[in-house]
Every structure is written in C-alpha cells, then in structure tokens.
Amino acid sequence: MEKLAIKGGNPCRDTTAQPWPKWPVWGKEEEVALIEVLNSGVWSYNGPKEMEFNQLFAEFTGTKYAICTVNGTITMQLALEALGIGVGDEVIVPGITWQATAATVIDVNATPILVDVLEDTWCIDPVAIEKAITPKTKAIIPVHLYGAFADMDAIMDIAKKHNLYVIEDCAHKHGGEWNGKKAGSIGNVGSFSFQLSKHLTAGEGGSMTTDDADLAEKLDALRNVGRRPEGDSLIGADKGIGDYGDDGNFIQSGNFRITEFQAAMLIEGLKRLPEQNANRDTNGAYLNSLLEEIPGVTPLKRDDRETKKAYFNFAFRYDESKFKNLPIAKFRAALEAELGIIVDACYEPLNNCSLYVPHTKPARHRLNEDYWAAIDPKRFSLPICERIFEKESVCLHHKILMGTTADMDLIARAIRKVYDNAEVLF
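Residues numbered from 1 in each chain as written. Predicted model: local features only at pLDDT ≥ 70, side-chain atom pairs only at ≥ 80, totals over all residues. Heavy atoms only, no water.

Visitor: Tell me what's going on with the packing of aromatic side chains, and back it up with residues and numbers.
Guide: Overall, the coordinates contain 18 aromatic pairs when judged by the stated rule. An angle of 90° between the planes, with centres 6.4 Å apart, marks the rings of phenylalanine 316 and phenylalanine 331 as edge-to-face. Taken together, the residues phenylalanine 316 in strand S11 (residues 314–318) and phenylalanine 331 in helix H9 (residues 328–339) connect sequence positions 15 residues apart. Each member of the pair, phenylalanine 316 as well as phenylalanine 331, is classed as buried. Cluster of aromatic residues (ring-pair linked, three or more members): Tyr311, Phe314, Phe316, Tyr318, Phe323, Phe331 and Tyr419. Its guanidinium or amino end placed over the ring of tyrosine 311, lysine 309 lies 5.3 Å from that ring's centre, counting from NZ or CZ. Over the ring of tyrosine 419 we find lysine 324, and its NZ or CZ is 5.8 Å from the ring centre. (Phe/Tyr/Trp six-rings, centres within 6.5 Å; stacked < 30°, edge-to-face > 60°. Helix = DSSP H or I, 4+ residues; strand = E, 2+ residues; numbered from the N terminus. Buried < 20%, exposed > 50% of the residue type's maximum accessible area, 1.4 Å probe, protein only. Lys NZ or Arg CZ within 6 Å of the ring centre and 35° of its normal.)

Here it is, written out as structure tokens:
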C-alpha cells in the first residue's frame, strides 16, 4: 500500500498488525446448518429453514409477516405491484439512495419523482415530499440511509394526509428503531436487503415485512410465480421433481424465491445481529464524540426519536474550508492511506448517477414520449444531494465499527493527522 506523504512518519494503522474486523462473519454454526440443508434434499421453495427464518424475522421486526425474496431490489418491485402501483402513478424517492430504489418504480411502469434530502441526515426531506405531491402521487419510499433514520413521524403524517402508501427502504437499517418501532414496521411494507455488504447477509436475498394479511398474501404469491400461499399443504411434497401443489390460481408473476441454503445462513446471522448492532452503536457513538472535537468534520445527526441505532456505513460530513481547502477526494485518499481501509463518497445523486440510466433501455421503458421524458432523471434539481456527494460525504463500511475503542481512536487520530498536515497533500 502506498504510504501517505505526511510529515512525521508512517500511516496511523500498521497494516502488518491486527487487521480490521472481517465481513461477512460466519462460524461453525453456518457450516452445520448448510450441511443439514444439503443432506435434507430440500434446497428451495418454502422449506423448513425459510419458514423458520420468516417467523424469526417477523418477530425481530415487530411485524405480523415477513416474506423472503431473491434480493432487496425485487422486494421493492413486488411491494409496488402488490399495492397496485403502475402506469400513470408517481412515487416519491430521495435523490441519494442506491439506484434500485428508483429503478423498481420504472420496472412497474410508474414514474419516480426525485426529491432532495436533509443535509444533516442525508435522508429524504419531508418538506420536499410535500412540494412534490400531485394528483398522480401514490407512494413515498423513504430510505433509512447509512447511520441515519428518515423522519417517519413527518412522512407518515404526510402519507395519511394525502392517502399515500409508504414503502420503507430498510436495506441499511436491520434492527434500527424509531420511537420504539423497528424499521420495516412503520410503513405499509418494509423492504430489506441481505446482499453481501449488509449487516444481515446470505450473500444475496431480501425480505418484505408487513402487518396487512391481504398484502402479505399478494407479496407471497408475487415472489412465487403467482401461486397463492399454501401453508402446510406442501409438507411432504417432492420438491425435487417440481411438486408445487396448486398452480395458476391467483396472480401473474415470476420466480423470486430464495434457497434453503440462504435461509440457513440468515437464521444464524440473525442470532448475532443484535449484539453486532449494539457493538456498532457503542463504537459509532464514541467515534462521533471524537469527531466533534475535530474542526471540519460533522457527524450525521442522530435524532432523539431513533431509539435503537443500526449502522450500515459509518458516514460523516467534511468541510474542506477547515482543511485549508483540501479537496474531498484527496482527503478520502489520505484517510485510506492512513488507515488501510476503503473510504468512499455517498451514493451518486440519482439525477446524475452512472447506474440509474433508464434511457439506455428504450425497448423496455419508452412506453410513449411523455413517459420517456418523465423518467429522465436529469430533469430533477437536487442541489443538496449534489453538494453532499461532491463536497461533503465520507463513508466507511460498518465492519470498522465492529472493532475496538482503540480502533475508533485510530480513525479519529488519522483524521486529525490529515487536518494538521492538509497543506502538504495538494
């Protein structure tokens, strides 16, 4: 690794010493569970591991129903479909989020309306939501981003006022709580990702949570080729030869199921999650207290209503004017060299995101000229999103918060070192 050319010596982190915590975390428990699935011959489709995890995850999120799917993108698409959202409808989405949050809206032939975020949390701005509502608006997708929680009080008030659905994007918030309610239990549907980087993972996978029985039935059917949920009727069925019970009795859809191997991994990961979240919270709070002492870096706001923290990336705001106008890209590169970890910007704003480019698929999305123009992301103005991405955002993977207090001291010391030596980094 190239060492940072700062006066006074070596990087803060000795990369030959104890490494940063690894991710993902797994142990003998996962090995035993995977062999159990292998030997069972039941590798997919409503197997006992999937049913067990669904029950455990519903209990964990404080919802009546949890339904597994293939990933956290499909969870949002199926939620939109189950809520009857499609052609002619608009869905309000924050301008900073993973591109799938908006892309799934287009995948059901609705129109994503991109709005700006709050500068102190990077989550969707309720005032911007209110301004964006039209007679075509059908839903809001708030995203609980990185270490912050969207203002669900304001969002649910707006939704009630305008008779809108709320789909919580909880891909970064497994186990977080707002006023004592778990993420994914506040809106109509919660959407979770179990992709490799997430703090509950099976490599890939997702889950949809809800308290609505009719909605749960649709969600379950939509992820399972349109079959109405069959409960215990499949016990003993020979799934290896495709014995799936009653077919063609409910709704058109495709196959978005997970495997029993994934469910087995998730069961074991869920057992570790509360302790991991608590450790990340303790370290995150301590690190934030250290950052408050360094000019030019500002922790993201932790709302008093956020009663339980669940970090994804650890993120903070950077003010280059306090670092002798050191450009943020050079600040991130210096911090990487000091610590031996990847230091990123936040997600690209969706109005200029290299992965959110619906006009590259005219055969699928050019329904008519009006719709083609409506889904052009460049038509939206997102000044706060753009400033955060271009000038302010610093993000480190949540695994760094699974270390020790000494690790948090190292991170703060590295930032202070860059601050003290900013003039030599141009």
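Visitor: Break down the sheet that holds S11 for me, citing the residues and quoting the values.
Guide: Across the sheet, 3 strands lie side by side as S10-S11-S12; this open sheet has antiparallel pairing. The open sheet has two edge strands with one neighbour each: strand S10 (297–299) and strand S12 (393–396). Pairs of neighbouring strands in the sheet enclose a mean axial angle of 30°, with direction left out of account. Here S11 pairs with S12 via 4 bridges, running antiparallel. Of the residues in S12, the one forming a bridge with phenylalanine 316 is valine 394. The strands that helix H8 (residues 260–291) touches are S10 and S11; relative to S11, the one it contacts most, it runs at about 15°. (Pairing = 2+ DSSP bridges. Axes fitted to C-alpha atoms, helices over the stretch in contact; angles between N-to-C directions. Contact = heavy atoms within 4.5 Å.)

Visitor: Go over the sheet that holds strand S5 (residues 165–169) with me, naming the residues and quoting the values.
Guide: Strands in a sheet are paired, the pairing made by backbone hydrogen bonds, and the direction either parallel or antiparallel. Pairing within the open sheet is mixed, and its 7 strands lie in the order S1-S9-S8-S5-S4-S2-S3. This sheet does not close on itself; its edge strands, each paired only once, are strand S1 (65–69) and strand S3 (111–115). In this sheet, neighbouring strand axes are inclined to one another by 25° on average, regardless of whether the strands run parallel or antiparallel. Running at roughly 130° to S1, helix H2 (residues 48–61) makes contact with S1, strand S8 (189–193) and strand S9 (206–210) of the sheet.

Visitor: Describe the side chain of arginine 280, with residues and values.
Guide: Inspection of the secondary structure assignment puts arginine 280 in helix H8. Buried charge arginine 280 goes without a salt bridge, the closest partner of opposite sign being aspartate 281 at 9.4 Å. Within the structure, arginine 280 has its side chain in polar contact with the side chain of asparagine 277 (distance 3.1 Å). (Lys, Arg positive; Asp, Glu negative; His and termini not counted. Salt bridge = Lys/Arg side-chain N within 4 Å of Asp/Glu carboxyl O. Polar contact = N/O pair within 3.5 Å; in protein donor to acceptor, adjacent residues only side chain to side chain.)

Visitor: Could you give an account of the packing of helix H1 (residues 28–40) against H8, with specific residues and numbers?
Guide: Contact geometry of H1 with H8 gives a least axis separation of 9 Å together with a crossing angle of 155°. Between H1 and H8, the angle is such that the two are roughly antiparallel. The crossing of H1 and H8 is right-handed. For the pair H1 and H8, contact is made by Glu29, Glu30, Ala33, Leu34, Val37 and Leu38 and by Glu260, Phe261, Ala264, Met265, Glu268, Gly269 and Arg272, respectively. Of the residues belonging to the contact of H1 with H8, the class tally is 7 nonpolar, 1 polar and 5 charged. (Parallel < 35°, antiparallel > 145°, perpendicular 65-115°, else oblique. Left-handed = near helix turned anticlockwise from the far one by under 90°. Nonpolar A, V, L, I, M, F, W, Y, C, P; charged D, E, K, R; others polar.)

Visitor: Describe the pattern of salt bridges, and please don't skip the residues or the numbers.
Guide: One pass over the structure, following the stated rule, counts 26 salt bridges. With its nearest N and O atoms 3.5 Å apart, the salt bridge here joins lysine 28 to glutamate 31. Taken as a pair, lysine 28 and glutamate 31 lie in helix H1 at a separation of 3 residues, close to a single helical turn. A residue is classified by how much of its surface remains accessible, and glutamate 31, at 39% relative accessible area, is partly exposed. Here arginine 302 and aspartate 281 are joined by a salt bridge, their closest N and O atoms 2.8 Å apart. Residue arginine 302 is located in the loop between S10 and S11, and its partner aspartate 281 is located in helix H8; the two are separated by 21 residues in the primary sequence. With relative accessibility at 35%, the residue arginine 302 sits in the partly exposed group.

Visitor: Residue-level account of the state of the cysteines, with values.
Guide: By the definition in use, this model includes 0 disulfides. Cysteine 123 supplies the cysteine sulfur nearest to cysteine 170, a cysteine that is in no disulfide, at a spacing of 11 Å. Left unpaired, cysteine 353 is separated from the closest cysteine sulfur, that of cysteine 346, by 10 Å. According to the relative accessible area criterion, cysteine 353 is buried, its value standing at 10%. (Disulfide = S-S within 2.5 Å.)

Visitor: Describe the nonpolar core, naming the residues involved and giving the relevant values.
Guide: Burial of nonpolar side chains together is a common tendency in soluble globular proteins. Counting residues in hydrophobic clusters, the biggest one holds 90 residues, and the most contacted among them are Phe53, Phe57, Trp122 and Tyr146. Ranked by the residues each element gives to this core, the list is headed by helix H3 (residues 72–82), at 6 residues. Among all residues touching phenylalanine 57, those that are not within four sequence positions of it are Ala66, Phe192, Phe194, Leu200, Ser207, Thr209 and Leu270. Judged by nonpolar contacts, the second largest core, of 31 residues, contains Ile328, Val394, Ala412 and Leu425. (Core = buried A, V, L, I, M, F, W, Y, C linked by side-chain atoms within 4.5 Å.)

Visitor: Could you give an account of the side chain of asparagine 54, naming the residues involved and the relevant values?
Guide: Structurally, asparagine 54 is set in helix H2. Accessibility expressed as a relative area gives 11% for asparagine 54, which makes it buried. Sequence-distant contacts of asparagine 54, that is, excluding residues within four places in its chain, are made with Ala66, Ile67 and Cys68.

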